[in-house]
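Residue strings, one per chain:
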Amino acid sequence: MDFSWTEEQLDYRAAVVEFAKNELNNDVAGRDERGEFDRDAWKKCGAFGLQGLPFSEEHGGQGASALTTVMAMEALGYGSKDNGFLFSLNAHMWAGTMPLETFGTEEQKERWLPGLCDGSLISGQAITEPDTGSDAYALHATVRRDGDDFVLNGTKTYVTNAPVADIVIVFASIDRSKGWAGLCAFIVEKDTPGLVVESSFDKMGLRTSPMSGMSFNDCVVPGENLIGKVGSGMMVFNHSIEWERSCILASTVGTMERKLEECIAYANQREQFGQSIGKFQSVSHKIAEMKTRLETSRLLLYRHAWNRDQGKATAMDSSMVKYYLSEAFVQTSLDAVQIHGGSGYMKETEVERDVRDSLASKIYSGTTEIQKNVIARNLGL
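Below is a summary of the structure that appears in this document. Keep in mind that this is a model prediction, so the values were computed, not measured.

1. A look at the overall build of the protein
Then, number 1: Regarding its fold elements, the protein presents 13 helices and ten strands.
Then, number 2: For a compact globule of 381 residues, the expected C-alpha radius of gyration is about 21 Å, and the protein comes in at 21 Å, within 12% of that figure.
Then, number 3: Judged by the C-alpha coordinates and their principal axes, the protein covers about 80 × 45 × 45 Å.
Then, number 4: Counting the 381 residues in the protein, one finds 55% classified as buried.

Here you go:
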């Protein structure tokens, strides 16, 4: 494995960091308080080419490798403090766009991918329902044929980007007796009659990422909006969730690096009992642990991206990345608050926000417990 970067890649990383610092930090605290999505920043990311990084140049993407893509997402996390916005960006790429890139027809790709790559469109994915979470395939949403069209009924929840999405990839069953073999995936446009998008949820963290429920009431979906074949929904979902688990937390590696630097600077300048607090082992050991978690996270992330570029990526690898990075992000965020003491608990220092944002990483894209199940199953347990 070779994780060394070319001069071109390093220049690109530096450009992404600079872009993020200058364009993606506009009133983050205020927008977090208001639960406000930054559509202007979204368009700027599209113009910079970020949404299209891993997608084909033929349809408006950048054609970047998986390794280059996670490097860029890491750079975004280092430069931008808006974890919610970056979460929306990742959900759009992995859950809302990757299914089209991989399973879409040529007509679907020509119609949707250019806009999804250039920032003029926003996508999401709707699979979770009020009564289904980790048991993702136990769906109650149904779809039936009606001539050349499909009629969709059901309710979805926790749909990232739903309040602002132009299209959503929706999963429903055409025959519940077949279990996962009856699942179908569809592209549903925002103005489709019968589609109701609920108000945004008031969340603990990731507040700048809009999320809501959706309901489908005799929602007629054109037959050409079916992704893949009837009954191939599980394959579509499994493919996108592997990409999502391995890449959605890449930006948090950059965030952890930035937090480490902030904590080192604070520990060196803050004095207690006649010396900087960094001289006390209780603080310096926390920082040493933060550094070790950072580098271990980076190695797991890069290793998986390299394997994906070589066609060797596995579901177990994706789950290990998701599991470890989420746990590392939470612990590093907690340690940052502890090192900053009382000031870290205050909103004005913006340290506590990472704790609120990080906690969801142990839940979305499959909980930590589900990731351990996947790893164990792949080990023959």
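2. Some points on helix α12 (residues 352-359)
Then, number 1: For α12, the tally of buried residues reaches seven of eight residues, placing the bulk of the element in the interior.
Then, number 2: Here α12 has its buried residues at E352, R353, D354, V355, R356, D357 and S358.

3. Some thoughts on the packing of aromatic side chains
Then, number 1: On inspection of all chains with the given rule, the structure shows twelve aromatic pairs.
Then, number 2: Considering the side-chain rings of F87 and Y364, the 4.5 Å spacing of their centres and the 45° angle between planes classify their relative orientation as tilted. With F87 in helix α5 (residues 83-103) and Y364 in the loop between α12 and α13 (368-378), the pair connects residues that are 277 residues apart, well separated along the chain. The same class applies to F87 and to Y364, which are both buried.
Then, number 3: Their ring planes at 10° and their centres at 5.5 Å tell us that W94 and W243 sit as a pair that is stacked. Of this pair, W94 sits in helix α5 while W243 sits in helix α7 (residues 233-247), and the two are 149 residues apart along the sequence.

4. Re the side chain of S80
Then, number 1: Counting through the fold element by element, S80 comes out in the loop between α4 (66-79) and α5.
Then, number 2: Reaching out from S80, the side chain makes a polar contact with the backbone nitrogen of D82 at a distance of 3.1 Å.
Then, number 3: Residue contacts for S80: discarding those within four places in its chain leaves A20, L24, N25, L86 and R258.

5. What about the nonpolar core?
Then, number 1: In terms of nonpolar packing, the biggest core is built from 62 residues, with L24, V70, L76 and F85 touching the most fellow members.
Then, number 2: Elements supplying a minimum of two residues to this core: α1 (7-23), α3 (39-48), α4, α5, α7, α8 (250-269), α9 (281-309) and α10 (315-340).
Then, number 3: When near neighbours in sequence (up to four residues on either side) are disregarded, L24 contacts F19, R31, A41, C45, L76, S80, D82, F85 and L86.
Then, number 4: Counting 20 residues, the second largest nonpolar core, distinct from the first, contains V143, L152, V188 and V221.

6. Focus: unusual backbone geometry
Then, number 1: Phi is positive for D218, which is not a glycine, with a value near 50°.
Then, number 2: Relative to the assigned elements, D218 resides in strand β7 (residues 211-222).
Then, number 3: By relative accessible area, D218 is classed as partly exposed at 48%.
Then, number 4: Of note, the phi angle at F273 is positive, near 55°, even though the residue is not glycine.
Then, number 5: By the element assignment, F273 lies in the loop between β9 (271-272) and β10 (275-276).

7. Thoughts on α13
Then, number 1: What α13 keeps buried is the set T368, Q371, V374 and I375. With its buried residues spanning 120° around the axis, α13 presents them on a single face. In α13, the exposed positions that point more than 90 degrees away from the buried face belong to E369 and R377.
Then, number 2: Looking at the packing, one finds that the buried side of α13 touches α7 and α10.

8. So, the environment of T105
Then, number 1: Relative to the elements of secondary structure, T105 occurs in the loop between α5 and α6 (106-118).
Then, number 2: It is 9.1 Å that separates the C-alpha atoms of T105 and L226, two residues lying 121 residues apart in sequence.

9. Details of the side chain of K203
Then, number 1: On the secondary structure map, K203 appears in the loop between β6 (195-197) and β7.
Then, number 2: Polar contacts involving the side chain of K203 include one to the main-chain carbonyl oxygen of S209, which spans 2.6 Å.
Then, number 3: Setting aside residues no more than four positions away along its own chain, K203 makes contact with S209 and M211.

10. A word on the packing of α4 against α8
Then, number 1: Axis separation between α4 and α8 bottoms out at 6 Å; the angle between their running directions is 40°. On the basis of the axis angle, α4 is oblique to α8. Note on packing geometry: the crossing formed by α4 with α8 is right-handed. Contacts from V70, M73, E74, G77 and Y78 in α4 reach A250, S251, V253, G254, T255, E257, R258 and E261 in α8.

11. Digging into the pairing of strand β3 (residues 149-160)
Then, number 1: The pairing of strand β2 (residues 142-146) with β3 spans five bridges and is classified as antiparallel. Of the residues in β3, the one forming a bridge with T142 is N153.
Then, number 2: Hairpin connection, β2 to β3: the antiparallel pair is bridged by two residues, and G147 has positive phi, about 65°.
Then, number 3: Where β3 and β7 come together, nine bridges link them in antiparallel fashion. Across the sheet, residue L152 finds its bridge partner in β7, namely C219.

12. Comments concerning the pairing of β7
Then, number 1: Strand direction decides the pairing type here: β6 and β7, joined by three bridges, are antiparallel. For V197, the partnering residue across the bridge sits in β7 and is M214.

13. So, a negative patch on the surface
Then, number 1: On the surface, a cluster of negative charge is made up of E58, E106, E107 and E110.
Then, number 2: Structurally, the position occupied by E110 is in helix α6.

What counts and what doesn't
- Residues numbered from 1 in each chain as written.
- Predicted model: local features only at pLDDT ≥ 70, side-chain atom pairs only at ≥ 80, totals over all residues.
- Heavy atoms only, no water.
- Helix = DSSP H or I, 4+ residues; strand = E, 2+ residues; numbered from the N terminus.
- Rg over C-alpha atoms; globule rule 2.2 N^0.38 Å.
- Buried < 20%, exposed > 50% of the residue type's maximum accessible area, 1.4 Å probe, protein only.
- Phe/Tyr/Trp six-rings, centres within 6.5 Å; stacked < 30°, edge-to-face > 60°.
- Polar contact = N/O pair within 3.5 Å; in protein donor to acceptor, adjacent residues only side chain to side chain.
- Contact = heavy atoms within 4.5 Å.
- Core = buried A, V, L, I, M, F, W, Y, C linked by side-chain atoms within 4.5 Å.
- Arc of directions from axis to C-beta.
- Axes fitted to C-alpha atoms, helices over the stretch in contact; angles between N-to-C directions.
- Parallel < 35°, antiparallel > 145°, perpendicular 65-115°, else oblique.
- Left-handed = near helix turned anticlockwise from the far one by under 90°.
- Pairing = 2+ DSSP bridges.
- Patch = residues over 30% accessible without salt bridge, like charges linked within 9 Å, V, L, I, M, F, W, Y side chains within 5 Å.
- Areas by Shrake-Rupley, 256 points an atom, 1.4 Å probe, with all protein chains shown as cover.
- Salt bridge = Lys/Arg side-chain N within 4 Å of Asp/Glu carboxyl O.
- Lys, Arg positive; Asp, Glu negative; His and termini not counted.
- Charge placed at Lys NZ, Arg CZ, Asp CG, Glu CD.

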